[in-house]
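Listed below, chain by chain, are the residues.
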Number of protein chains: 2
Amino acid sequence: MEALLNTIRHFIPLTEADAALIRQLFKIKQLSKGQYFVQEGYTCKQVGFIQQGLVRYFLNKDGQELTYEFGKEGEFICNYASFLDQSVSDESIQVLEDTSLLVISFDDLQTFYKQVPAGDRFGRLIVESIFVRAKKQLASLYSEPPEVRYRQFLQLYPDIQQRIPQYYISSYVGVKPPSLSRIRKRLAQS
Amino acid sequence: MEALLNTIRHFIPLTEADAALIRQLFKIKQLSKGQYFVQEGYTCKQVGFIQQGLVRYFLNKDGQELTYEFGKEGEFICNYASFLDQSVSDESIQVLEDTSLLVISFDDLQTFYKQVPAGDRFGRLIVESIFVRAKKQLASLYSEPPEVRYRQFLQLYPDIQQRIPQYYISSYVGVKPPSLSRIRKRLAQS
DNA sequence: CAATTCCGTTCACCTGGGTTAATAAATCAG
DNA sequence: CTGATTTATTAACCCAGGTGAACGGAATTG
């Protein structure tokens, strides 16, 4: 819970009363490997904060699962497109390891916005940060070849590389597993 | 000006007083072909609404201009990442034809938010819509080959295809000009 | 422990885009 | 209108990734 408070404090100041409210509104949620935080076809009803664990975001293209993002400890997870207007999600967030989350419901988040003075500001900053993140990924896809994207992935997630199957990484990088194998081989012998 | 009001009414209802305020806050701005709405290294100080004309968004990768988006009549243009926190922009928006805009400054937009009851809601909906747009483009880059992306571009911008150089389109599609030529050739003979 | 499933790598072959350069076509400026 | 510049196409060659399949090793399961 302290990690959550510190992360929020990274964006806005919190009084003790604010912190107490946050402790009330966020609930512990455990998901085991393979379970979904949001599933395609359902509505994203919560925002989560990862205390421990790992998730992947993916979308479905003609039956193919395209993993385009990961989430790790200390990060918020949510399909905001579905959450913000409580519409049906067209993508999924799946847990890759047993994961421990703190979650807040849509309604409780409105309470947070009402009662915490800088709450709206926090909400705006979070949405902005995920938007900037999406833009960065777009820029990377446009400008970097797969090999560079793989190296950047290793920098971004140095630890989790051995905790998950390679084919999730290959999807993130934008290639098929055999091609990632070749990239890894090229990098190893240089 | 009516086009702007109707576009806003597409998101929220407006009273006559709201409309009058909007008419005051938005100013006419003319840009001629080649000029910039925002330039890399400068701050985006306005949001624009295109009355007539065409723009491209691009980012700079080692001297290469990567065009990743277009804007046309009836659309808002802005580098929100730069505008929202008034920071230096890392990308540019350039006018591809003589273009007539209605623009609102950062400060005047705050006035709009304060005085129009549903103003904040409008702001949120706009930011959401550009976020969803970015996500769609990300999904398209991940899931569609260049040929499909080119066909989708033609559907999205049926008119402007002959008004701009092909190399902006090839960049948007994610390939080099010779490759777009080959794609066009393949499509023509099928 | 054995059997099965899953996963990463490798191979051979194919396809499509990158690159460079030449040419043709279109646009622009004087 | 003409010469100069810009832009689009084409050609030849190269290279990286896709595909389908086979293999071996790891992990799972009964």
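Residues numbered from 1 in each chain as written. Chains lettered and ligands numbered in written order. Predicted model: local features only at pLDDT ≥ 70, side-chain atom pairs only at ≥ 80, totals over all residues. Heavy atoms only, no water.

A. Structural context of the sheet that holds strand S1 (residues 27–31) of chain A. Residues and elements named next belong to chain A. As summarised here, the arrangement of the four strands in space is S1-S8-S3-S6, forming an open sheet in which the pairing is antiparallel. Whereas interior strands pair on both sides, the edge strands pair on one side only; in this sheet they are S1 and strand S6 (76–77). Bridge count between strand S3 (residues 46–52) and strand S8 (residues 99–105): six bridges; the pairing is antiparallel. Residue pairing in the sheet places Val-47 in a bridge with Ile-104 of S8. (Pairing = 2+ DSSP bridges. Helix = DSSP H or I, 4+ residues; strand = E, 2+ residues; numbered from the N terminus.)

B. Summary view of the interface of chain B and chain A. Every contact between the two is made by 29 residues of chain B and, on the other side, 29 residues of chain A. Summing both sides of the interface, chain B and chain A together bury roughly 2300 Å²; the carbon and sulfur share of this comes to 73%. Broken down residue by residue, the surface that chain B buries against chain A is led by B:Phe131, B:Leu138 and B:Tyr142, which jointly contribute 31%. Our count for the chain B to chain A interface comes out at four salt bridges. When the shortest N-O distance is used, the salt bridge between B:Glu144 and A:Lys61 registers 2.8 Å. Put simply, chain B and chain A have twelve residue pairs in polar contact (both at pLDDT 80 or more) between them. (Contact = heavy atoms within 4.5 Å. Buried area = accessible area lost by both parts, 1.4 Å probe. Salt bridge = Lys/Arg side-chain N within 4 Å of Asp/Glu carboxyl O. Polar contact = N/O pair within 3.5 Å; in protein donor to acceptor, adjacent residues only side chain to side chain.)

C. Spatial organisation of the sheet that holds strand S4 (residues 54–61) of chain B. All names here are of chain B. Ordered in space as S2-S7-S4-S5, the four strands form an open sheet in which the pairing is antiparallel. The open sheet terminates on both sides in strands that have one partner only, identified here as strand S2 (36–38) and strand S5 (64–72). The mean inter-strand angle of the sheet, taken between neighbouring strand axes irrespective of direction, is 30°. (Axes fitted to C-alpha atoms, helices over the stretch in contact; angles between N-to-C directions.)

D. Structural view of the protein's contact with DNA strand C. In the neighbourhood of DNA strand C, 17 residues make up the surrounding shell, with A:Gln166, A:Tyr167, A:Ser181, B:Lys176 and B:Arg182 lying closest. Sugar and phosphate atoms constitute 68% of the interface atoms of DNA strand C, taking the interface as everything within 4 Å of the protein. Residue A:Ser181 places a side-chain N or O atom 2.8 Å away from a phosphate oxygen belonging to DNA strand C. Contact between DNA strand C and B:Arg182: a base nitrogen at 2.8 Å from a side-chain N or O atom of the residue. Of all the secondary structure elements, the ones that give two or more residues to the surface near DNA strand C are helix H7 (166–173) and helix H8 (177–188) of chain A together with helix H8 (177–188) of chain B. Residues belonging to the surface near DNA strand C are distributed by class as follows: seven nonpolar, three polar and seven charged. (Near = heavy atom within 4 Å. Nonpolar A, V, L, I, M, F, W, Y, C, P; charged D, E, K, R; others polar.)

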